[in-house]
Amino acid sequence: MTHPQVEVGRGRTHSRADFDVVIVGAGFAGLYMLHRLGRMGFRARVVEAGNGVGGTWYWNRYPGARCDVESVQYSYQFDAALQQQWDWSERYAAQPELLRYANHVADRFDLRRDIEFDTRVVCAAFDEAAERWVIETDRHARLTATYCIMATGCLSAPNQPQFRGLEAYQGTCYHTGCWPHEEVSFAGKRVAVIGTGSSAVQSIPIIAAQANQLIIFQRTANYAIPAHNMPLSDAYRAAIKADYPALRARARQTMTGIDFDYSDALALETPAEERTREYEQRWQRGGLAFLGAYKDLMVDQAANDTAAEFVRVKIRQKVRDPVVAELLAPKNTIGCKRLCIDIGYFETFNRPNVRLIDVSERPIESITPRGVKVGGREYAADAIVFATGFDAMTGAILRIDVRGRSGMALRECWREGPRTYLGLAVAGFPNLFAITGPGSPSVLTNMLPTIEQHVDWIADALGYLRARGLSYIEASAPAEDEWGAHVAELAGSTLRYTCGSWYLGVNIPGKPRTFMPYIGGFPRYVTKCNEVATRGYEGFVLG
Ligand code: N01
């Protein structure tokens, strides 16, 4: 293939790259990025490992998977007609509906023709001489592009702990993060679930209802707030649609980008009875807004203890066996790990076919050919479900061999923890962007608006460069250092360091302990991104 010579920034000429932009991943981030760039006339190509769109909702097909932000907000807002025409059926949409939505968006905006499915990017290297990215795939294809955008997701690299003996296990293994596409039935089976995070909390009640016997191996008990999921009425949907622009505007002003009721009151300045009433009201309403009850819950341990104890009391009321109830009652800071939203999770432990095995003191020794071994005892299982989470925030990017200037490996640059400017760009890696990368609010906010904000910012930046005949943008090292220090300073002021969460990378052996998301809240972050752009991409070097 021959490439015409094209003018690039500073009067340089190079042969034309295959694409202006290669986007890695066709989840909600990749789809919108492709749409935005297409509308701007950029030649963009998405490379996607799965054989369909949807990202998280393509892979996480485990029983009970659903969003924990209300569907009417866990949705795109970039297109008013889409927002008005799509009808969510439930308060928290289940995975099949979310996947239908992703497919609808791909079809509606005619995105599929620019997506290469069943293709995994294995390497992305910046060719300094030609000033372009060379992207290699597991199909031995080689694409070149001026810009490379990682839309690889924050929770998309499954964590499969390497238990001794796993390879000799004779039953069937599943991981919640890459569930089979065909129907899985646990009817009549003895099933083991390892892990009690959000994925386990969602899937355990459903697996328990099918299986002959279910054994859950819990290392750390988790807080869960009832979802009170329900079908949405036509009247409710109509009211939301009439209010959508205002609702979205209100959401943009909150720390999480979610329009719900945050109080400015302090737990420790509120009389105990009133506080309990407040917690009770939020418990009855259900969902993540529980932690919005008081402003000091995530910064003051004594304040946090009041909310934690409220939930522990609820767990003790729900679980009949006091020994099991005590094991299920978390002892750590509520909200330190991601809060779970449940549908009948704790009640499941009252079923006669369900057993809880505590592995907090005595870890799982091995997987035997017949099951799971703990404390010298084997628990037989026909199937094991690994609900063991993800190598979060950095895992999916680092599983690709990303190389910047002088062949510098991103894995090497991030050996002590991820370093980014705004979670969007990395010094030494020109023309590379991450959507919801480490150092941005991402997982602490509603992912859809957060994705849209990043996509819009990146698209605007590329438009800015093109309008000026430039084609080169790179985060400067001082800007990256300053941003990293700011992210770390804010994180240090909360209670988020008090537990071993995936936010900190503690769940992955050998991963550096760094609080990865930006904790300063959505409005503050957006203001900063806008200022950077308004000042001619301050902190970036353009050319
Ligand atoms: O993963 P997790 P997840 N031996 O890391 C345990 C999002 N999400 O897939 O806590 C024994 O939370 C581990 O134990 P511990 C959401 O943001 C959203 O459930 O490390 N146990 C933990 O119990 C969520 O936070 C939804 O001690 C081991 C579990 O496995 C994020 O994804 C639904 C172990 C992993 O929990 C991740 O959730 C699902 C070992 N060797 C997920 N290794 C929604 O509702 C790990 N564990 C939208």
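Values in this document were obtained by computation on a predicted structure and should not be read as measured data.

1. Overview of the overall build of the protein chain
- For the protein chain, the helix and strand inventory stands at 15 helices and 22 strands.
- A compact globule built from 543 residues would reach a C-alpha radius of gyration of about 24 Å, and the protein chain, at 24 Å, matches this within 12%.
- Its C-alpha atoms give the protein chain principal-axis dimensions of about 75 × 55 × 45 Å.
- Expressed as a percentage of its 543 residues, the buried residues of the protein chain come to 59%.
- Within the protein chain, residue pairs in contact and separated by at least 24 positions form 71% of the contacts whose partners lie at least 6 positions apart.
- Carbon and sulfur atoms form 51% of the exposed surface of the protein chain, whose accessible area is close to 22000 Å².
- Taking the 60 positively charged and 60 negatively charged side chains of the protein chain as two groups, their mean positions are separated by 3 Å.

2. With respect to the site of the ligand
- Around the ligand sit 23 residues in total, of which T196, S199, R219, T220 and K337 are the nearest.
- The contact in question runs from an oxygen atom of the ligand to an N or O atom on the backbone of T196, over 2.9 Å.
- Separating an oxygen atom of the ligand from a backbone N or O atom of S198 is a distance of 2.9 Å.
- Element by element, the count of residues in the shell around the ligand is highest for helix α5 (residues 198-210), at 3 residues.

3. Comments concerning the pattern of salt bridges
- Counted by the stated rule, this structure contains 33 salt bridges.
- When the shortest N-O distance is used, the salt bridge between D259 and R250 registers 3.1 Å.
- Between R312 and E309 there is a salt bridge whose closest N-O contact spans 2.8 Å. On the criterion of helical spacing, the pair formed by R312 and E309 is a turn pair, its members being 3 residues apart in helix α8 (residues 301-318).
- One network of salt bridges, in which partners are shared, links E309, R312, R316, E326 and K331.

4. Considerations on the nonpolar core
- Ranked by internal contacts, the top residues of the largest apolar core, which has 133 residues, are I23, L37, Y76, F186, F290, W457 and F540.
- Every residue in contact with L37, bar those within four places of it in the chain, is listed here: V21, I23, F42, A44, I149, A459 and L462.
- One finds V121, F126, W133 and F429 within the second-largest nonpolar core, a separate group that totals 23 residues.

5. Regarding the packing of aromatic side chains
- Following the criterion strictly, the structure yields 38 aromatic pairs and no others.
- Relative to W59, the ring of Y58 has its centre 4.8 Å away and its plane inclined at 80°; by these criteria the two rings are edge-to-face.
- Given a relative accessible area of 7%, Y58 falls into the buried group.
- With relative accessibility at 25%, the residue W59 sits in the partly exposed group.
- Look at Y518 and Y525: their rings are 5.7 Å apart centre to centre, the planes differ by 50°, and that puts the pair in the tilted class.
- Its end group placed over the ring of Y58, R61 keeps NZ or CZ at 5.0 Å from the ring centre.

6. A closer look at the pairing of strand β17 (residues 377-380)
- In terms of strand pairing, strand β16 (residues 371-374) meets β17 through 4 bridges, oriented antiparallel. Paired with G371 across the two strands is A380, which belongs to β17.
- The hairpin turn running from β16 into β17, its antiparallel successor, is 2 residues long, and G375 in that turn takes a positive phi close to 55°.

7. A word on the state of the cysteines
- Taken as a whole and assessed by the stated rule, the structure comprises 1 disulfide.
- Across the disulfide, C336 is cross-linked to C499 (sulfur-sulfur distance 2.1 Å). Here C336 and C499 share a disulfide; its torsion about the S-S bond, -100°, makes the bridge left-handed. One end of the pair, C336, is in the loop between α9 (322-328) and β13 (340-342); the other, C499, is in the loop between α14 (477-492) and α15 (522-534), with 163 residues separating them in the sequence.
- Not part of a disulfide, C178 finds its nearest cysteine sulfur in C173, a span of 11 Å.

8. Quick word on helix α6 (residues 234-252)
- The end-to-end C-alpha separation of α6 is 26 Å, in line with the 27 Å expected for 19 residues at 1.5 Å each.
- The sharpest bend along α6 measures roughly 70° and falls at Y244, with the proline P245 sitting one to four residues further on.
- When we look at burial in α6, the residues that qualify are R237, I240, K241, Y244, L247, R248 and A251.
- The inward-facing, buried residues of α6 contact α3 (80-85).

9. Notes on the environment of G371
- Among the secondary structure elements, G371 is positioned in strand β16.
- For G371, a relative accessible area of 0% gives the class buried.
- Taking the C-alpha atoms as reference points, G371 and Y169, separated by 202 residues in sequence, lie 7.1 Å from one another.
- Non-local contacts of G371, meaning those with residues more than four positions away in its chain, are made with Y169, S366, E378, Y379, A380, A381 and I384.

10. Remarks on the sheet that holds strand β18 (residues 383-386)
- With respect to topology, 5 strands assemble into an open sheet ordered β9-β18-β10-β11-β14, the strand pairing being parallel. At either margin of the open sheet sits one strand with a lone partner, and together these are β9 (172-175) and β14 (354-358). Ignoring which end each strand starts from, the neighbouring axes of this sheet average 20° apart.
- As paired strands, strand β11 (residues 213-218) and β14 are joined by 5 bridges and run parallel to one another. If you follow I215 over to β14, its bridge partner there is R355.

Thresholds, definitions, all that
Residues numbered from 1 in each chain as written. Predicted model: local features only at pLDDT ≥ 70, side-chain atom pairs only at ≥ 80, totals over all residues. Heavy atoms only, no water. Helix = DSSP H or I, 4+ residues; strand = E, 2+ residues; numbered from the N terminus. Rg over C-alpha atoms; globule rule 2.2 N^0.38 Å. Buried < 20%, exposed > 50% of the residue type's maximum accessible area, 1.4 Å probe, protein only. Contact = heavy atoms within 4.5 Å. Areas by Shrake-Rupley, 256 points an atom, 1.4 Å probe, with all protein chains shown as cover. Lys, Arg positive; Asp, Glu negative; His and termini not counted. Charge placed at Lys NZ, Arg CZ, Asp CG, Glu CD. Near = heavy atom within 4 Å. Polar contact = N/O pair within 3.5 Å; in protein donor to acceptor, adjacent residues only side chain to side chain. Salt bridge = Lys/Arg side-chain N within 4 Å of Asp/Glu carboxyl O. Core = buried A, V, L, I, M, F, W, Y, C linked by side-chain atoms within 4.5 Å. Phe/Tyr/Trp six-rings, centres within 6.5 Å; stacked < 30°, edge-to-face > 60°. Lys NZ or Arg CZ within 6 Å of the ring centre and 35° of its normal. Pairing = 2+ DSSP bridges. Disulfide = S-S within 2.5 Å. Expected span 1.5 Å × (residues − 1). Bend = angle between axes of the 7 residues up to and from the residue. Axes fitted to C-alpha atoms, helices over the stretch in contact; angles between N-to-C directions.

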